[in-house]
Amino acid sequence: QSVLTQPPSVSGAPGQRVTISCTGSSSNIGAGYDVHWYRQLPGTAPKLLIYANSNRPSGVPDRFSGSKSGTSASLAITGLQGEDEADYYCQSYDSSLSGYVFGTGTKVTVL
Amino acid sequence: EVQLLESGGGLVQPGGSLRLSCEASGFTFSSYGMNWVRQAPGKGLEWVSRISGSGGSTYYTDSVKGRFTISRDKSKNTLYLQMNSLRAEDTAVYYCAKAGCSSSSCSTSYNWFDPWGQGTLVTVSS
């Protein structure tokens, strides 16, 4: 059950900036739990992109940035590249479900 | 380098059982919680279960409670998922994922998944 809502798709031309929203509620993001982001290339396992709202693991370019406010979070990709075509998921914790929750997923298309 | 290698997936009939394994290397296994996350064909990600570093605490999503059991063997650096009473809706690629932050550094509820294994496909069908 996806309790975090993301847009199904976003697109942009190479070099442009795109943002992906992740909307939750008072039992997850709004409760103060951190938001994390993953990228999943076709046919492969997800890979961590952003952890604890805005932190990049080593090796992730600074074109990727994350933010959180209230019951929502956002992932921004600047300088869009063809290799950024993938599915992106947000993740948090939900106190009502007593477990981790994922977003519905967003497919990024580079035009 | 941290590596996670899943195995044990396959085709099973409804009501059947299967045990998944995830062999871990490259980190102190007992210091980190471990998780199972699944992805049904063409669908999104769903967290299934978590076990603490010591193995003393386990957590499950509601849809698998009473049917799935997560466990770990420190001597073999291996994570398991015993799946019983399987249903068609359990069909998915199952990934094991290491907690991104150690048990001593992060609260369970603030943790993330890093890295993930390559996944193993479980198909429940007659």
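These remarks concern the structure in this document.

What counts, and where the lines are drawn
Within each chain, residues carry numbers counting from 1 in the order of the written sequence. Following the order in which they are written, the chains are lettered starting with A and the ligands numbered starting with 1. With pLDDT at 70 or above as the cut-off, local features in this predicted model cover only qualifying residues; side-chain atom pairs require 80 or more to be listed or tallied, and sums for whole chains, interfaces and linings still use all residues. The basis for every side-chain value is the complete set of heavy atoms in the structure, and neither hydrogens nor water enter the calculation. Helix numbers and strand numbers start at the N terminus; a helix is a DSSP run of H or I with at least 4 residues, a strand a run of E with at least 2. The quantity called the radius of gyration is restricted to C-alpha atoms. Its globule counterpart is 2.2 Å times the number of residues to the power 0.38. Under the scheme applied here, a residue whose accessible area is under 20% of the maximum for its type counts as buried, over 50% as exposed, and between as partly exposed, the area being computed with a 1.4 Å probe on protein chains only. Contacts are assigned to residue pairs with any non-hydrogen atoms lying within 4.5 Å of each other. Per-residue and other accessible areas were derived by the Shrake-Rupley procedure at a 1.4 Å probe size, with only the shown protein chains allowed to occlude residues. For this count, His and the chain ends are skipped, Lys and Arg are scored as positive, and Asp and Glu as negative. A charged residue contributes its charge at one atom only: NZ of Lys, CZ of Arg, CG of Asp or CD of Glu. Here the rule is simple: two strands pair whenever DSSP picks up at least two bridges between them. Axis angles are defined between N-to-C directions and span 0 to 180 degrees, where every axis is a line fitted to C-alpha atoms and, for a helix, only to the segment in contact. Here's the idea: put two parts together, see how much 1.4 Å probe accessible area each one loses, and the total over both is what we call buried area. A pair is scored as a salt bridge if a Lys or Arg side-chain nitrogen falls within 4 Å of a carboxyl oxygen belonging to Asp or Glu. Distance and chemistry together define a polar contact, namely a pair of N or O atoms within 3.5 Å, with one atom able to donate a hydrogen and the other to accept it when in protein, and with adjacent residues in sequence counting only for side-chain atoms on both sides. Throughout this entry, Asp, Glu, Lys and Arg are counted as charged residues, while Ala, Val, Leu, Ile, Met, Phe, Trp, Tyr, Cys and Pro are counted as nonpolar. The remaining residues, Gly among them, count as polar. We call Phe, Tyr and Trp rings a pair once their centres come within 6.5 Å, taking the six-membered ring for Trp, and we label the pair stacked below 30 degrees between planes, edge-to-face above 60, and tilted otherwise. Only lysine NZ and arginine CZ atoms are considered, and such an atom sits over a ring when it is within 6 Å of the ring centre and within 35 degrees of the ring normal. Buried Ala, Val, Leu, Ile, Met, Phe, Trp, Tyr and Cys residues form a nonpolar core when they are joined through side-chain atoms within 4.5 Å. Only a pair of cysteine sulfur atoms within 2.5 Å qualifies as a disulfide here.

Regarding the overall build of chain A
Part 1 of the argument: The helix and strand tally for chain A stands at zero helices and nine strands.
Part 2 of the argument: The helix and strand sequence of chain A, counted from the amino end, reads β-β-β-β-β-β-β-β-β.
Part 3 of the argument: Over its C-alpha atoms chain A spans a radius of gyration of 13 Å, differing by no more than 12% from the 13 Å that the globule rule assigns to 111 residues.
Part 4 of the argument: By residue count, 48% of the 111 residues in chain A fall in the buried class.
Part 5 of the argument: Contacts in chain A between residues far apart in sequence, at least 24 positions, make up 57% of those at least 6 positions apart.
Part 6 of the argument: Summed over its atoms, the accessible surface of chain A is roughly 4700 Å², and 46% of this surface lies on carbon and sulfur atoms.
Part 7 of the argument: Distance from the positive charge centre (7 side chains) to the negative charge centre (7 side chains) of chain A: 3 Å.

Examining the pairing of strand 8 (residues 99-102) of chain A
Residues and elements named next belong to chain A.
Part 1 of the argument: Here four bridges tie strand 7 (residues 86-94) to strand 8, and the two strands are oriented antiparallel to one another. Each bridged residue has a counterpart across the sheet, and for Gln91 the counterpart in strand 8 is Phe102.
Part 2 of the argument: Between strand 7 and the antiparallel strand that follows it, strand 8, lie four residues; Ser98 among them carries a positive phi value of about 55°.

Some thoughts on the sheet that holds strand 1 (residues 3-7) of chain B
Residue and element names in this part refer to chain B.
Part 1 of the argument: Spatial strand order, 1-3-8-7: four strands in an open sheet with antiparallel pairing. Because the sheet does not close on itself, it has two edges, and the strands there are strand 1 and strand 7 (68-73). Put simply, the sheet's adjacent strands are angled 15° from each other on average, direction ignored.

Overview of the interface of chain A and chain B
Part 1 of the argument: With 19 residues of chain A in contact, the opposing surface of chain B contributes 21 residues.
Part 2 of the argument: Taking both partners together, chain A and chain B bury about 1800 Å²; carbon and sulfur atoms supply 60% of that area.
Part 3 of the argument: When the buried area of chain A at its contact with chain B is split by residue, Pro46, Tyr100 and Phe102 of chain A rank highest and sum to 35% of it.
Part 4 of the argument: Counting across the chain A and chain B interface gives zero salt bridges.
Part 5 of the argument: Where chain A packs against chain B, one counts eight residue pairs in polar contact (both at pLDDT 80 or more).
Part 6 of the argument: Listed by contribution, the elements that provide at least two residues to the side of chain A that touches chain B are strand 3 (36-40), strand 7 and strand 8 of chain A.
Part 7 of the argument: Taken together, the residues that form the side of chain A that touches chain B break down as ten nonpolar, eight polar and one charged.

A look at the packing of aromatic side chains
Part 1 of the argument: Going through the model one piece at a time under the given rule, you end up with 15 aromatic pairs over all chains.
Part 2 of the argument: Aromatic pair Phe27 of chain B and Phe29 of chain B: ring centres 6.2 Å apart, planes at 55°, arrangement tilted. In this structure, Phe27 of chain B and Phe29 of chain B share a single accessibility class: buried.
Part 3 of the argument: Grouping aromatic residues by their ring pairs yields a cluster made of Tyr33, Tyr38, Tyr93, Tyr100 and Phe102 of chain A together with Trp47, Tyr95, Tyr110, Phe113 and Trp116 of chain B.
Part 4 of the argument: Taking the ring centre of Phe29 of chain B as reference, the NZ or CZ of Arg72 of chain B above it sits at 4.2 Å.
Part 5 of the argument: In this structure, Lys98 of chain B is placed above the aromatic ring of Tyr32 of chain B, and the distance from its NZ or CZ to the ring centre is 4.0 Å.

Some remarks on the nonpolar core
Part 1 of the argument: Core analysis: the biggest nonpolar cluster contains 26 residues, and Trp36, Phe68, Leu79, Leu81, Met83 and Tyr94 of chain B have the highest contact counts within it.
Part 2 of the argument: Counting only elements with at least two residues in this core, the list comes to strand 3 (18-25), strand 4 (34-39), strand 5 (45-51), strand 7, strand 8 (78-83), strand 9 (92-99) and strand 11 (120-124) of chain B.
Part 3 of the argument: It is strand 3 of chain B that contributes the most residues to this core, four residues altogether.
Part 4 of the argument: Setting aside residues up to four positions removed in sequence, Leu81 of chain B forms contacts with Leu18, Arg19, Leu20, Trp36, Val48, Phe68, Thr69, Ile70 and Tyr94 of chain B.
Part 5 of the argument: If you look at the next biggest cluster of nonpolar residues, it comprises 22 residues, including Ile29, Leu75, Val101 and Val108 of chain A.

So, unusual backbone geometry
Part 1 of the argument: The omega torsion of the bond from Asp114 of chain B to Pro115 of chain B falls at -5°, within 30 degrees of zero and hence cis.
Part 2 of the argument: Tracing the sequence through the fold places Pro115 of chain B in strand 10 (residues 113-116).
Part 3 of the argument: A positive phi angle, close to 50°, is found at Ala52 of chain A, a residue other than glycine.
Part 4 of the argument: Considering the arrangement of structural elements, one finds Ala52 of chain A in the loop between strand 4 (47-50) and strand 5 (64-69).
Part 5 of the argument: Of the residues examined, Ala52 of chain A reaches a relative accessible area of 17% and is grouped as buried.

Describing the state of the cysteines
All names here are of chain B.
Part 1 of the argument: On inspection of all chains with the given rule, the structure shows three disulfides over all chains.
Part 2 of the argument: Two residues share a disulfide in this structure: Cys22 and Cys96, whose sulfurs sit 2.0 Å from each other. Taking the sign of the torsion about the S-S bond as the criterion, the disulfide between Cys22 and Cys96, at about 50°, is right-handed. Taken together, the positions of Cys22 in strand 3 and Cys96 in strand 9 put the pair 74 residues apart, joining distant regions of the chain. Considered together, Cys22 and Cys96 belong to a single accessibility category, that of buried residues.
Part 3 of the argument: Look at chain B and number its bonded cysteines as they come in the sequence; the links are 1-2, 3-4.

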